[in-house]
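Topology and contacts: notes
These are the residues of each chain, in order.
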Amino acid sequence: SSPRSVTVNKSTFQAFGVPVSFTGDTEGFLRLVGRLGYWLPSASIASVWLNPESMTLSRQVYAGAGE
C-alpha cells in the first residue's frame, strides 16, 4: 500500500502495509513470524489468515528516523 503518516510516541513515521503469503506447516509459520519480528522490530502484524497448509499475513511496517 502507499505510505501514510503515523505518529507514535510523538515521533512521525511513514507506515505501509505488506501482504505476505506462505505455504508449509504451522511450526514453520510460527518460526517465520518470530524471525520477521527479529528482522523488522518496528513492524507489527495487522492480520493473519491461517489454513491447514498456508498462511497469509499483513504486516504494518514503520519507516523513517522519526521526527
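What counts as what
- Residues numbered from 1 in each chain as written.
- Predicted model: local features only at pLDDT ≥ 70, side-chain atom pairs only at ≥ 80, totals over all residues.
- Heavy atoms only, no water.
- Helix = DSSP H or I, 4+ residues; strand = E, 2+ residues; numbered from the N terminus.
- Contact = heavy atoms within 4.5 Å.
- Polar contact = N/O pair within 3.5 Å; in protein donor to acceptor, adjacent residues only side chain to side chain.
- Core = buried A, V, L, I, M, F, W, Y, C linked by side-chain atoms within 4.5 Å.
- Buried < 20%, exposed > 50% of the residue type's maximum accessible area, 1.4 Å probe, protein only.
- Salt bridge = Lys/Arg side-chain N within 4 Å of Asp/Glu carboxyl O.
- pLDDT = per-residue confidence, 0-100.
- Pairing = 2+ DSSP bridges.
- Axes fitted to C-alpha atoms, helices over the stretch in contact; angles between N-to-C directions.

Here the focus is the environment of Thr56. Along the polypeptide, Thr56 turns up in strand E4 (residues 54-63). Setting aside chain neighbours within four positions, we find Thr56 in contact with Val20, Ser21, Ser47, Val48 and Trp49. Within polar-contact distance, the side chain of Thr56 engages the side chain of Ser21 at 3.4 Å.

Listed in full, the six residues of the largest apolar core are Val20, Phe22, Phe29, Leu36, Met55 and Leu57. Secondary structure elements with two or more residues in this core: strand E2 (11-23), helix H1 (26-39) and E4. Apart from the residues within four sequence positions on either side, Leu57 is in contact with Val18, Pro19, Val20, Phe22, Val33, Ile45, Ser47 and Val48.

In this section: the pattern of salt bridges. Within this structure, the stated rule accounts for one salt bridge. For Glu27, the salt bridge identified is with Arg31, shortest N-O distance 3.2 Å. One end of the pair, Glu27, and the other, Arg31, are both in helix H1, four residues apart, so they sit about a helical turn from each other. Its relative accessible area of 56% is what places Glu27 among the exposed residues.

Put simply, the protein has an average pLDDT of 77, and 93% of its residues get 70 or more. Considering each helix and strand of the protein separately, the mean pLDDT is smallest for strand E3 (residues 44-50), with a value of 77, and largest for strand E1 (residues 4-8), with 82.

On to the environment of Ser5. The residue Ser5 is located in strand E1 in this model. Taking the C-alpha atoms as reference, Ser5 lies 18 Å from Pro41; in sequence the two are 36 residues apart. Every residue in contact with Ser5, bar those within four places of it in the chain, is listed here: Thr12, Phe13 and Gln14.

Pairing is antiparallel in the open sheet, where four strands are placed in the order E1-E2-E4-E3. Looking along the sheet, the strands with just one partner apiece sit at the ends: E1 and E3. In this sheet, adjacent strand axes meet at a mean angle of 30° when their direction is disregarded. Of the strand pairs in this sheet, E1 and E2 are connected by five bridges, and their pairing is antiparallel. Residue Val8 lies in a different strand from E2, and its bridge partner there is Ser11. Strand contacts of H1: E2, E3 and E4, with the helix running at about 5° to E4, the strand carrying the most contacts.

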